[in-house]
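Coordinate analysis (summary)
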Amino acid sequence: SRSDWSSDVCSSISDEAKEQLSNVLLEESTPDGSVKVTINANREIKSISISDTLLEDKEALEDFLILTLNKAIAKATEKNEATLAAVAKQGLPFNF
């Protein structure tokens, strides 16, 4: 049926977009570079780098991790939503 077809098309586009987004890596770091986070556009953390100097200050480390992770997730969410919106505009037939 037409409904099944449109569902399959949307699923296929969605899977393809997710695969592309998993290959888009974004980096976020503290201003001094003591914490660096790499995240993909599907909001999966790929790596975290922490300066040895922060290992001696647990509270600062926790604060920097929270701030940097939140900024990285926001950046990934923005990229994710923009990409999915572009795919939706280009990939779907007009008569849905």
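Here, the structure is the one placed above.
Structural notes, computed from the coordinates. (Residues numbered from 1 in each chain as written. Predicted model: local features only at pLDDT ≥ 70, side-chain atom pairs only at ≥ 80, totals over all residues. Heavy atoms only, no water.)

Quick look at a negative patch on the surface now. Taken together, the side chains of D52, E56, D57, E59 and D63 present a region of like negative charge at the surface. Within the secondary structure, E56 sits in the loop between strand 3 (45–50) and helix 2 (58–91). Using a relative accessible area of 74% as the deciding quantity, one classes E56 as exposed. (Patch = residues over 30% accessible without salt bridge, like charges linked within 9 Å, V, L, I, M, F, W, Y side chains within 5 Å. Areas by Shrake-Rupley, 256 points an atom, 1.4 Å probe, with all protein chains shown as cover. Salt bridge = Lys/Arg side-chain N within 4 Å of Asp/Glu carboxyl O. Lys, Arg positive; Asp, Glu negative; His and termini not counted. Charge placed at Lys NZ, Arg CZ, Asp CG, Glu CD. Helix = DSSP H or I, 4+ residues; strand = E, 2+ residues; numbered from the N terminus. Buried < 20%, exposed > 50% of the residue type's maximum accessible area, 1.4 Å probe, protein only.)

Scanning all chains against the criterion turns up 4 salt bridges. With a closest N to O distance of 3.4 Å, E28 and K71 form a salt bridge. In this pair, E28 is assigned in strand 1 (residues 25–29) and K71 in helix 2, connecting sequence segments 43 residues apart. For E28, a relative accessible area of 13% corresponds to the buried category. The network of salt bridges with common partners includes E28, K71 and K75.

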